[in-house]
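Residue strings, one per chain:
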Amino acid sequence: MDISKEKLEWIYTTMYRIRRFEETMLEQTLKGNSMGVAHTSDGQEAPPTGICAHLTDKDWIGSTHRGHGHCISKGLETDKMMAEVFGKATGQCGGKGGSMHISDFSKGMLGANGIVGASIPLAVGAALTAKLKGIENESVGVSFFGDGASSQGVLHEAMNLASVWKLPVIFACENNGYAEATPSWYAVSAEDIASRAEGYGMPGVVVDGMDVFAVYDAAGEAIARARAGEGPTFIEMKTYRYHGHFHADDTSKYRKPEEEEYYKNLDAIKHFERTVLKQKLMTEKKLKSIRDDIEKEMLHAVEFALSSPMPDISTLYDDVYVNYSNPIAGLR
Amino acid sequence: MTTSQTNPLGPGYEGVAGSEMRFRDIFRDTLRAEMNRDDDVFLMGEDISGGFDKDTKEPLDAWGGPFAATKGLVQEFGVERIRDAPISEAGFVGAAVGSALTGMRPVVDLMYFDFVTVAFDQLLSNAAKSRYMFGGQTKVPLTLFARSGAGTGHAAQHSESFYSMLAHIPGLKVVVPSDPYSVKGLLAAAIRDDDPVFLVNDKKLINLTGFVPDEDYVIELGKGRYMRRGADVTLVGMSYTSVVCQKAAEQLAEIGIDAEVIDMMSLSPFDEDILIESVAKTNNVVIVDEDTPRASMASEFAAVIADKAFDHLDAPVKRVTSPHSPVPYNSALEQEFMPQPADVVGTVKNLLGRE
Ligand SMILES: Cc1ncc(C[n+]2csc(CCOP(=O)(O)OP(=O)(O)O)c2C)c(N)n1
Ligand SMILES: [Mg+2]
């Protein structure tokens, strides 16, 4: 396998961090410590990890309502992410965005997004910036979106744009089989969403989204193409979300236990462990020490979020504009 | 079944047969009644079937539709008339307009009010303008509904109350129920109306209960109503702020201020007469709106009052609105964002020079 030892460790750390962040966040949300709606992405660790393994802070990603995995893969700190979910002043957006809007512009993360499909053209725009500045080789744009989002017109417009302008974009479709309770076999008219790429003049590939090595390889090729100025690629990753659509959703109302079992057997983290142990690329001791570190990190994140202060009420009026001459505060 | 002793419908409604119902239940019952009444009425929206069984292809109704607003309807009417749509708001709202232009009476569930912007072109350029620009040849009997409002931790992109943007559009009608009674009458009226009507439903109302008469009735589009009679000041509410105004009126009563509360119910067309009539009596008015203040309904009502009831005013027209900002996530900030009864009480006290 042609992945460095450091990269393998990074991949494992990142996937395990996503898994444990989501589980911890969900537990905290059900305890009432979050201030609002939260969508978990455990089960879907491989797509963002395998893709972002090829990126640096100069590359940009656009994310979705299910964005924690994207954030973590792009290097955001779990302390500040948890604090944001808890609505605290120390959160990534000062408590004003919440789970659905975590972002970090210093890390090339264009923000989780609550409008399905809305972030797709943002990554195209980031790629346009790179092209205009002549830095395609070091700054590509990756749009993460779901099977449900693939029905939005904006995806199709963005794909055509990216192709016409030959932009360094990766359309990263995380097909987890469902949009809310609606199965993709009902709502998507193509067997493989990636087949749509052909109509927009770009390569489209389907990969096993429970296998981080497969994602890593496909993404490596696509990103190399983008960096070389050869334009966009569409990657569809077939994956599965372990929990409900949002924190209070009961999947038993629309998914069969056999189906959930099937995907849990394909678990991306387990698959990674089996592979690296079998090929003697990492030791069980190393894997365990990574897991132990993450457990500590999660305890710290919760502690940090719980003990952080609430935002000052006056921040309600901050940052509506850079500059605006009327009072914002309303008419009371 | 109970009969009302006192109810928000006011004098004349005592003894009317009806029952105490949740907003969401009467909403669904009204949809059902309208679908039974007219075979051309059908519903479309995302997740409205709540998933499908992989083997039988039968709808599962797992969610009962967004906000459980349509629970049971897919079993009752089938997947043709309770039509599950992919996440393609521009596409299916446009298809609804096309279907309305050709003889059907579509009803669209847009889930969160914020998502209307994805379909805005179809609403503005097609639904609202077809009748006019085609010289009256056609009509668009389309109904849309969606949930608005802050207060549930949904943050900036799922909490809008920008109904003023819709009311701004000639050709489109906009209604905002504030309780179970008004949602029954307004939803029925919207579906039976031959123009496109948008019903905006604040999330904070969904689980509230109230008295609903059993009889079939519609509330005339463009009419407001008195929720409470008073002599000292008029409080004007719409959607959830009608509830805020009633709470404020109760608090004002405790300090000897007798407030009148108007619930506008319709935003376009809207009831100018009730505003003028009430202000002519109380000589003071506070308009309460969760929408942001610039170019808002609050501003529009204030302009009408300033224009047509100026001579009756003892003091400037006051507006209590959200700040000119998106909705924040943090719950304390969110509460600060929303107009609260205390804000209304404070404004009234200032207005009347009371401390
Ligand atoms: C424009 C818009 N329409 C509808 C919604 C409501 N909604 C939120 S997530 C979601 C399903 C998205 O499915 P998918 O794209 O497959 O992503 P997943 O949730 O599976 O990660 C829907 C319908 C929304 N947020 N924005
Ligand atoms: Mg999905």
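Residues numbered from 1 in each chain as written. Chains lettered and ligands numbered in written order. Predicted model: local features only at pLDDT ≥ 70, side-chain atom pairs only at ≥ 80, totals over all residues. Heavy atoms only, no water.

Chemist: Hey, could you go over the sheet that holds strand β14 (residues 285–289) of chain B for me, with residue numbers and the actual values?
Modeler: All names here are of chain B. The sheet built from 5 strands is open, its strands ordered β10-β12-β11-β14-β15 with mixed pairing. The open sheet has two edge strands with one neighbour each: β10 (225–228) and β15 (318–321). Recorded for the sheet is a direction-independent mean angle of 25 degrees between the axes of neighbouring strands. Where helix α9 (residues 272–282) meets the sheet, it contacts β10, β11 (233–237), β12 (259–263) and β14, and its direction lies at approximately 175 degrees from that of β12. (Pairing = 2+ DSSP bridges. Helix = DSSP H or I, 4+ residues; strand = E, 2+ residues; numbered from the N terminus. Axes fitted to C-alpha atoms, helices over the stretch in contact; angles between N-to-C directions. Contact = heavy atoms within 4.5 Å.)

Chemist: Mind laying out the sheet that holds strand β6 (residues 204–208) of chain A, listing which residues take part and the relevant values?
Modeler: The strands that make up a sheet pair up through hydrogen bonds in the backbone, lying either parallel or antiparallel. Residue and element names in this part refer to chain A. Strand order in the open sheet formed by 5 strands is β1-β2-β3-β7-β6, and the pairing between neighbours is parallel. With partners counted over all chains shown, the strands left at the sheet margins are β1 (60–62) and β6, one partner each. The average undirected angle you get between the axes of adjacent strands in this sheet is 20 degrees. Here strand β3 (residues 169–175) pairs with strand β7 (residues 233–238) via 6 bridges, running parallel. Counted as the bridge partner of F171 is F234 from β7. Along the sheet, helix α5 (residues 120–133) contacts β1, β2 (141–146) and β3; its crossing angle with β2, the most-contacted strand, is approximately 170 degrees.

Chemist: Give me the domain arrangement of chain B: which residues, what numbers.
Modeler: All names here are of chain B. The domain boundaries assigned to chain B delineate domain 1 (18–213) and domain 2 (225–351). Each of domain 1 and domain 2 has a C-alpha centre, and these two points are 27 Å apart. Each partner contributes residues to the interface: domain 1 has 29 residues there, and domain 2 has 27 residues. When domain 1 packs against domain 2, the two sides together hide about 2,100 Å² of surface, and 59% of this comes from carbon and sulfur. Connecting domain 1 to domain 2 are 2 salt bridges. Between E290 and K204 there is a salt bridge, with the nearest N and O atoms lying 2.8 Å from each other. (Domains from an automatic or database assignment. Buried area = accessible area lost by both parts, 1.4 Å probe. Salt bridge = Lys/Arg side-chain N within 4 Å of Asp/Glu carboxyl O.)

Chemist: Would you mind going over the packing of aromatic side chains in detail, with residue names and values included?
Modeler: Counting across every chain of the model gives 20 aromatic pairs over all chains. Centre to centre, the rings of A:Y12 and A:F272 are 5.4 Å apart; their planes meet at 20 degrees, and the pair counts as stacked. With a gap of 260 residues between them, A:Y12 in helix α1 (residues 5–30) and A:F272 in helix α10 (residues 268–278) connect regions that are remote in the sequence. Owing to a relative accessible area of 0%, A:Y12 belongs among the buried residues under this scheme. In this structure A:F272 comes out as buried when scored by relative accessible area, which is 0%. Between the aromatic rings of B:F270 and B:F301, the centroid separation amounts to 4.7 Å while the plane-to-plane angle is 70 degrees, which identifies the pairing as edge-to-face. Highlighted residues: B:F270 in the loop between β13 (266–268) and α9 and B:F301 in helix α10 (residues 297–308), separated in sequence by 31 residues. As far as burial versus exposure is concerned, B:F270 and B:F301 are alike and both buried. Its guanidinium or amino end placed over the ring of A:Y178, A:R255 lies 5.8 Å from that ring's centre, counting from NZ or CZ. (Phe/Tyr/Trp six-rings, centres within 6.5 Å; stacked < 30°, edge-to-face > 60°. Buried < 20%, exposed > 50% of the residue type's maximum accessible area, 1.4 Å probe, protein only. Lys NZ or Arg CZ within 6 Å of the ring centre and 35° of its normal.)

Chemist: Outline the site of ligand 1, listing residues and values.
Modeler: Around ligand 1 lies a shell of 22 residues, among which A:H65, A:R66, A:G114, A:G148 and B:E89 are the nearest. The residues that come close to ligand 1 belong to more than one chain, namely chains A and B. Between ligand 1 and A:G114, the relevant distance is 2.7 Å, taken from a nitrogen atom to a main-chain nitrogen or oxygen of the residue. The contact in question runs from an oxygen atom of ligand 1 to an N or O atom on the backbone of A:Y178, over 2.8 Å. In the complex, 97% of the free accessible area of ligand 1, which totals 580 Å², lies under the protein chains. (Near = heavy atom within 4 Å. Polar contact = N/O pair within 3.5 Å; in protein donor to acceptor, adjacent residues only side chain to side chain. Areas by Shrake-Rupley, 256 points an atom, 1.4 Å probe, with all protein chains shown as cover.)

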